[in-house]
Amino acid sequence: MPTVEIPKEKWNGKVREVKIGATKEEGGSRTKTITIGGEATLPFLHFENTIPHAPALAIEIKDRKPADWSPLLYEAWGDAMNDPAAWAKAAEASGADLIVLTLSVATKPDEAKATVRKVLNATGLPLAVFGPGQAEKDNELIVPVAEEAKGEKLLIGVCEDKNYRTIVAAAMANDHLVTSKTPMDVNLAKQLVILIHDMGMPLERIVMDPTTGALGYGIEYGYSVMERLRLAALQGDSMTQQPMIVTPGEEAWKAKESKVGEGVPESWGEWKKRAIYWETLTATPLIHAGADVVVLRHPESLKKVKGMINALMSKGN
Amino acid sequence: MALTGLQIYKLLPQTNCKECGHPTCLAFAMKLAAKQAELAGCPYVTPEAKAQLESASAPPIRLVTVSNNGTKIEEGNETVMFRHEKTFYHRAALMIRLKDDDPALQEKISKADSYIVDYVGIKLGVDGFAIEATADATKFVEAIKVTRSATKKPLILIAADSAAMAEGAKEAGDKPLLYAADESNWQKMAELAKSLKTPLAVKAASLEKLAELTESIKKLGVEDLVLDPMMNGHLDSLSALTQIRRLAIKKNFRALGYPVITFPNDEVLAAQHVAKYSSFVVLDDFDPAMMYALLALRQNIYTDPQKPIQVLPGLYEINSPKPDSPVFVTTNFSITYFAVNNEVEGSGLQGWLLVADAEGMSVLTAWAAGKFDADRIAKAVKTTGIESKVNHKKIIIPGQVAVLSGELEESLPGWQIMVGPKEAVDLPAYVKTMWKN
Ligand code: B12
Ligand code: SF4
C-alpha cells in the first residue's frame, strides 16, 4: 500500500483566547462565562493542531420590538419580543451560548441602562450590547450601559474606525470587552485592532468583526476576508490574532429570500424552509472560515448550526 | 506542481545545440517553466525525461467529465486551497440520488429536472441524477430507462455488481459516472469503465486504501477517477477532503489527484461540502428551497474573487417603458442591478433603469469608494440619451445615497432628483404613491 503522509501545516501563531462575561467571584453576576479563540490551526482541523474552544452561538435580541423584521421571526419568538428580559430567557432556552442585545435608535440612555439591567437579571449567560451603529447614538447609549454593568465583562460596540475612542474608553474604565468592526478588508481589520490596542485596551479583550454579506448578497467577500485573516493569524501576524464575531443572522434576515413569502418566484421553494436555509447557509461557510462567535436570529437555525458545531468538535468519537 | 526552470534544465540534454531557437538549454528551460515554450521544440529530449516533464506539468487534480447529450459536468483541475489565492474553477455539481425501486421515480426526476432558478440573471438548476441499484440488474436497467425518459442530464450509476452496472450503463447515455470500484470489485469495474470510456468512482475508507486502488486502476488504463473517502460526517469529511486536496495540490500526490464525491444528508453538511472541497455533492432529496440556497452558495464560493459579477452600464428597459415612465438609477454590480430590475419587472411596472458605471460595486460600496457619485450619475444621464426618451426630467436615486441629491441637482440642472426607498423591495409601492406625471 502506498504510504500517505497526512499533510500538516506548521503554523507559527494562534488565535488569542478571549473570555466574555464575569461570574460573581470575578466581579460580575454571570452564572456562565464563555471563552473563545485559542485555535492553533484552521477551523476544525484537529488532526493538525489544538482547537480548545468551539465557536459560540449567540442569539440577537433587541431592546424594543423591531418594526421591520421578517414575520417568521415574530412567529418564532412571539410575545417575548415585547420584553427584552423574556426574549433573553427564550434565547437562553433555545440553546444560545451568549446573548447579543442591540439597542435601537429611538432608545434613551436611561432606558438602555434599565434594559441591560433587566436582561442581566433574566439570564446568567454572558452578554454583548451593541448600539444601533450610528456614531453619536452608539456613544450616547453604550457609555451609560458600560457604567451600569461595570465588572460584567460585556462585549460592547460598535467600534468602527471613525468612532471607537469613547466606547473603548468606557470599556476600559468598566472592565468590558469591545468588538472592532471594519468593512471586509484585512488591512482595515488589522489597523483598527492596532488603534484600539494603542489606547491601552488589552488584546485579550478585543473581538474583531470583519463583517459579511448574506448568502447571495456578497457572502464571498466576507468569507474570503475571514479566511485571509485567519491564515494571517496562524502565520504569526499578531494584530490579526483576535477571535472573530460575525452576524449572519442580521445579514440573512435582510435578504428578500428570508424576509418575504409572497410575490417571489416559485423556484425559491417554501418560505419558512428557505428562510432557515438562508440563515444556516450564511452561517455555515463563515464558521468554516474561522468565526468564533456567530450571531443568529432564529432558534431553529441555532439548533441546526449547533448540531454542526457539536459534530465538528467531537474529535474523540 | 510545476517544475522550476532549474529542475527542467536537469532533464534536458544540456548540450546547448540551439536547435530549439534558444541560446542555451537553460534559457529554453526557463521559457518552459514560464509556459512560453513547448517541450516539442527540443528534438533531443529523452523519452524518460519527456514522460517526467509531462507528468509534472499535468494538473494536480485531474479534470474529469461526466456528460450526456451535450450537457457536461466538468470537475477537478483546481489549483488552490483557498478561493482568494486565485479562484475555484469547476463549480461543485449538485445532484439528486434516487433508488431504482422508488415508485415515484419518474415524477421525482421530472420535477427536479425541470427546476430552474434565476440567480443574478444566471439560470441554475440540478446538475444531474444518481440512480442506485437496490436489487437485480433488471430493475436497475428499467429505472435508468425511466430516468432517461425524464431527463437529459448526466447520470451517476450506483451499483456494486459490475454486471448490473454494465447493463445499466447501456441505457445511461454518453458518459455516466460509474459508482463505485472498491476493494472487492475494482478489476471488473475498471474493465467496464475502460471499455465504455467513462469515469469511475473509487471508494475506500482510508486514504491509503484509496490511493492503492487508484494506482491499481490506473495501471489497468483508467485515469478518469473520482474519489469517495467514505466519510460522511461533518468532521471526518472535512479532515479527509482537506487532506486529499492538500496532498494533491501541495504534495503533487498523484494517487489522490482526483475530484471527490460526497453524499451529505442535510443542507448544512452539503454547504460544508460545497465550500470545502467536494466536486460531486449528491443529495437524497430534492427540495426547491434547499436547492436554491445551495446553488446560491455554490455560485458565491466559485466566483472569481478578482472580478465582481457585473452588468454593462447603460440604459435598460423594463416592461417596455413609455416616455412618462419613471427613471431609476442604480449601479452595475450584478446583485444590485438584478435586485432592482426583478422588483420592478415582477411588479409589472414600466420603467427605465439607468445603470451607472460604478465599477461593479454595490450602491454603498461604490458610494464609499467614490465610484457612484453625482458626476458618474450625471454622466450616465448624459451618455445614455435618456433625455430624449422621456417626456419628464425626473430621476429616482437609491435611498441609501440620499446624500447625493443636492450635488446631483447641481450636476444635472433642470432635473428633479427624487430619493427612492432604501431597499428595492419597497420600490413598487414607492412608485405607486410617488410617481405622478
Ligand atoms: C459586499 C461589500 C463589499 C465588497 C464589494 C462588493 C461589490 N462588488 O460591491 C467589498 C469587500 C469589495 C467591499 C469593499 C468596500 N466596502 Co463594502 N460592503 C459590502 C457589503 C457587505 C454588502 C454590499 C452589498 O453587496 N449589498 C447588496 C446590494 C444588492 O445592495 P445595494 O447595492 O445597496 O442595493 C440595494 C439597495 O441599495 C436598493 N437599490 C439599489 N439600487 C437602487 C435604485 C433605486 C432607485 C432604489 C430606490 C433602490 C435601489 O436595492 C438593493 C436591494 O435592496 C456592505 C455591508 C452590508 N452588509 O450591507 C459593505 C459596505 C457597503 N461597504 C462599505 C465600505 C466602507 C467599503 C470600503 C470603502 C471599505 C474600504 N475602505 O476599503 C470598500 C470600498 C471598495 C473599494 N475601495 O474597492 C460600507 C459603506 C459605509 C457607508 N455607509 O458609507 C458598508 C455599508 C459596510 C459598513 N457597514 O461599513 N464592500
Ligand atoms: S534544442 Fe534541446 S538540447 Fe538543443 S539547446 Fe535547445 S534544449 Fe538544449
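Residues numbered from 1 in each chain as written. Chains lettered and ligands numbered in written order. Predicted model: local features only at pLDDT ≥ 70, side-chain atom pairs only at ≥ 80, totals over all residues. Heavy atoms only, no water.

A. A look at the pattern of salt bridges. All names here are of chain A. Counted under the stated rule, the structure contains 34 salt bridges over all chains. In this structure, Glu-26 engages Lys-19 in a salt bridge whose closest nitrogen and oxygen atoms are separated by 2.5 Å. The exposure class assigned to Lys-19 is partly exposed, which follows from its relative accessible area of 32%. Between Lys-32 and Asp-97 there is a salt bridge, and its shortest N-O distance comes to 3.9 Å. Here the residue Lys-32 occupies a position in the loop between β1 (18-20) and β2 (34-36), and Asp-97 occupies one in the loop between α2 (84-93) and β4 (98-102), the gap between them amounting to 65 residues. Taken together, the salt bridges that share partners define one network made up of Lys-32, Asp-97 and Lys-306. (Salt bridge = Lys/Arg side-chain N within 4 Å of Asp/Glu carboxyl O. Buried < 20%, exposed > 50% of the residue type's maximum accessible area, 1.4 Å probe, protein only. Helix = DSSP H or I, 4+ residues; strand = E, 2+ residues; numbered from the N terminus.)

B. Looking closely at the layout of surface pockets. All names here are of chain B. Estimates place the volume of the second largest pocket at around 370 Å³. If you go around the second largest pocket, you meet 14 residues; those closest to its centre are Leu-32, Ala-37, Leu-39, Leu-53 and Ser-57. At the level of secondary structure, the elements contributing two or more residues to the lining of the second largest pocket comprise α2 (25-33) and α3 (47-57). For the lining of the second largest pocket, the element with the most residues is α3, which contributes 4 residues. Tallied by class, the residues present in the lining of the second largest pocket amount to 10 nonpolar, 1 polar and 3 charged. (1 Å grid on protein atoms, 1.4 Å probe; cavity = no way out; pocket = protein on both sides within 12 Å on 5 of 7 lines; lining within 4 Å. Points joined across faces, edges and corners; volume = space filled by probe spheres on them. Nonpolar A, V, L, I, M, F, W, Y, C, P; charged D, E, K, R; others polar.)

C. Region of the structure containing the nonpolar core. Ranked by size, the top nonpolar core spans 185 residues in total, and within it Val-129 and Val-178 of chain A together with Leu-200 and Leu-256 of chain B carry the most contacts. Top contributing element to this core by residue count: helix α11 (residues 288-302) of chain B, with 11 residues. Both domains that meet at this core, namely domain 2 (64-301) and domain 3 (314-434) of chain B, each give it at least three residues. For Val-178 of chain A, the residues in contact, after removing those within four places along its chain, are Leu-155, Ile-156, Cys-159, Ile-167, Val-168, Ala-171, Ile-196, Met-201, Arg-205, Ile-206 and Val-207 of chain A. Core analysis: the second largest hydrophobic core is formed by 25 residues, Ala-356, Ala-380, Ile-397 and Ile-417 of chain B among them. (Core = buried A, V, L, I, M, F, W, Y, C linked by side-chain atoms within 4.5 Å. Domains from an automatic or database assignment. Contact = heavy atoms within 4.5 Å.)

D. Representation of the site of ligand 1 within the structure. As a structural note, the neighbourhood of ligand 1 is formed by 34 residues, with Thr-330, Thr-336, Ser-362, Val-363 and Glu-423 of chain B the closest of them. At the site occupied by ligand 1, nearby residues are drawn from chains A and B. The side chain of Thr-336 of chain B places a nitrogen or oxygen atom 2.6 Å from an oxygen atom of ligand 1. In this structure, a nitrogen atom belonging to ligand 1 sits 3.3 Å away from a side-chain N or O atom of Thr-365 of chain B. Elements with a minimum of two residues in the shell around ligand 1: α8 (248-254) of chain A together with β14 (327-331), α12 (334-347), α13 (363-368) and β16 (394-397) of chain B. Here the shell around ligand 1 takes 5 residues from α13 of chain B, the largest share from any one element. The residue makeup of the shell around ligand 1, split by class, is 22 nonpolar, 8 polar and 4 charged. (Near = heavy atom within 4 Å. Polar contact = N/O pair within 3.5 Å; in protein donor to acceptor, adjacent residues only side chain to side chain.)

E. Examining the interface of chain A and chain B more closely. Counting from both sides, the interface comprises 49 residues of chain A and, opposite them, 47 residues of chain B. On the surface where chain A and chain B come into contact, there are 6 salt bridges. Linking Asp-287 of chain B and Lys-273 of chain A is a salt bridge whose minimum nitrogen-to-oxygen distance equals 3.7 Å. Viewed at the interface, chain B and chain A are joined by 14 residue pairs in polar contact (both at pLDDT 80 or more). Among the elements of the structure, α7 (219-234), α9 (256-259), α10 (271-288) and α11 (299-313) of chain A are those that each provide at least two residues to the side of chain A that touches chain B. Per-element tally for the side of chain A that touches chain B: the top contributor is α10 of chain A, with 9 residues. Its residues assigned to classes, the side of chain A that touches chain B shows 24 nonpolar, 11 polar and 14 charged.

F. Broad picture of empty space enclosed by the protein. Tallied over the full model, the rule gives 4 cavities of 30 Å³ or more. Looking at the largest cavity, its volume works out to about 150 Å³. Counting only elements with at least two residues in the lining of the largest cavity, the list comes to α7 of chain A together with α9 (234-251) of chain B. A per-class count over the lining of the largest cavity returns 9 nonpolar, 2 polar and 3 charged.

G. Inspection of the domain arrangement of chain B at higher detail. Its domain assignment divides chain B into domain 1 (5-57), domain 2 (64-301) and domain 3 (314-434). Summarising the inter-unit geometry, the C-alpha centres of domain 1 of chain B and domain 2 of chain B are found 38 Å apart.

H. Spotlight on the environment of Ala-22 of chain A. Within the secondary structure layout, Ala-22 of chain A lies in the loop between β1 and β2. Other than its neighbours up to four places away in sequence, Ala-22 of chain A contacts Gly-28, Ser-29, Arg-30, Thr-33, Gly-151, Glu-152 and Lys-153 of chain A.

I. The packing of α7 of chain A against α10 of chain A, seen in detail. Residue and element names in this part refer to chain A. Direction vectors running N to C along α7 and α10 enclose 20°, while the axes themselves pass 9 Å from each other. Compared by their axis directions, α7 and α10 come out roughly parallel. Pair α7 / α10 crosses with right-handed handedness. Residues Ile-219, Gly-222, Tyr-223, Met-226 and Glu-227 of α7 form the contact with α10, whose participating residues are Leu-281, Thr-282, Pro-285, Leu-286 and His-288. Residue classes in the contact of α7 with α10 are distributed as 6 nonpolar, 3 polar and 1 charged. (Axes fitted to C-alpha atoms, helices over the stretch in contact; angles between N-to-C directions. Parallel < 35°, antiparallel > 145°, perpendicular 65-115°, else oblique. Left-handed = near helix turned anticlockwise from the far one by under 90°.)

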